[in-house]
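# Structural features, examined
One letter stands for each residue in the lines below.
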Amino acid sequence: MSDLHGVRRLVVGAALVDDLAAPTRLLAARRTEPSRLAGGWELPGGKVEAGEDCITALHREILEELGVRIELGDPITGPLTDGDQAGAWPLGDAYALHAWWATPTDGEPRPLEDHDELRWLSRAAVYDVAWLRDDLPVVRAIEPRLILPQR
């Protein structure tokens, strides 16, 4: 939880896309726990552990949760400005999310931990799932970069 000085616990997330240079699909993951978040959709990722930097934590979390190795692209910069939270997105009062564009490089994502379903969403379908409220601002920042298919 956050303390009286607004310190949030750092978490990391990946906007997993099919291609970093020309993304057409975004991966959404449906949570199974905690119960208050179960059934909601999010960007995969998790908590930064003691002694870890954000990049190491993100690679670890995606491997644990989805069974894939990833290549990171640019960060998806959020509105927070203080200290190690600079560039992060607020997740309620307790957490600050650092997010990056990413693409799988080894393996096919599957729900191994904390999720029961994954969906690849096109730009037209990006809001077809019930995103967790705190993830929506990040999804809104991602959506314009997703390329619509050519007709």
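Our structure's up above, just so we're on the same page.
Anyway, here's the lowdown on the structure attached to this text. (Residues numbered from 1 in each chain as written. Predicted model: local features only at pLDDT ≥ 70, side-chain atom pairs only at ≥ 80, totals over all residues. Heavy atoms only, no water.)

## Points about the packing of aromatic side chains
- Counted according to the given criterion, the structure contains zero aromatic pairs.
- When the ring centre of W101 is taken as origin, the NZ or CZ atom of R145, which lies over that ring, is 4.2 Å away. (Phe/Tyr/Trp six-rings, centres within 6.5 Å; stacked < 30°, edge-to-face > 60°. Lys NZ or Arg CZ within 6 Å of the ring centre and 35° of its normal.)

## Quick word on the pattern of salt bridges
- Scanning the model with the defined rule gives 11 salt bridges in all.
- Residue R60 pairs with E52 through a salt bridge whose shortest N-O separation is 2.6 Å.
- Residues joined by salt bridges that share partners form a network here, namely R30, D116, E117 and R119. (Salt bridge = Lys/Arg side-chain N within 4 Å of Asp/Glu carboxyl O.)

## A look at the sheet that holds strand 8 (residues 115–122)
- The sheet built from three strands is open, its strands ordered 3-2-8 with antiparallel pairing. Two strands close off the open sheet at either side, each with one partner strand: strand 3 (41–42) and strand 8. (Pairing = 2+ DSSP bridges. Helix = DSSP H or I, 4+ residues; strand = E, 2+ residues; numbered from the N terminus.)

## Some remarks on the side chain of E65
- Positionally, E65 belongs in helix 1 (residues 54–66).
- Of the buried charged residues, E65 lacks a salt bridge, with R31 as the closest side chain of opposite charge at 5.4 Å.
- Those residues in contact with E65 that sit more than four places away from it in its chain are P44, G45, R110, P111, L112, E113, D114 and H115. (Buried < 20%, exposed > 50% of the residue type's maximum accessible area, 1.4 Å probe, protein only. Lys, Arg positive; Asp, Glu negative; His and termini not counted. Contact = heavy atoms within 4.5 Å.)

## Things to note about the nonpolar core
- Counting 21 residues, the largest nonpolar core has L26, I76, L97, W131, V138 and I142 as its most contacted members.
- Non-local contacts of W131, meaning those with residues more than four positions away in its chain, are made with L26, A28, W41, E42, L43, L121, V126, L136 and V139.
- Among the nonpolar cores identified, the runner-up in size contains 20 residues, and L10, I70, W100 and L118 belong to it. (Core = buried A, V, L, I, M, F, W, Y, C linked by side-chain atoms within 4.5 Å.)

## Examining the layout of surface pockets
- Each pocket or cavity is described by its volume, and for the largest pocket that value is around 680 Å³.
- Elements with a contribution of two residues or more to the lining of the largest pocket: strand 1 (9–16), strand 4 (45–47), helix 1 and strand 7 (95–106).
- Broken down by class, the residue content of the lining of the largest pocket amounts to 11 nonpolar, four polar and 12 charged. (1 Å grid on protein atoms, 1.4 Å probe; cavity = no way out; pocket = protein on both sides within 12 Å on 5 of 7 lines; lining within 4 Å. Points joined across faces, edges and corners; volume = space filled by probe spheres on them. Nonpolar A, V, L, I, M, F, W, Y, C, P; charged D, E, K, R; others polar.)

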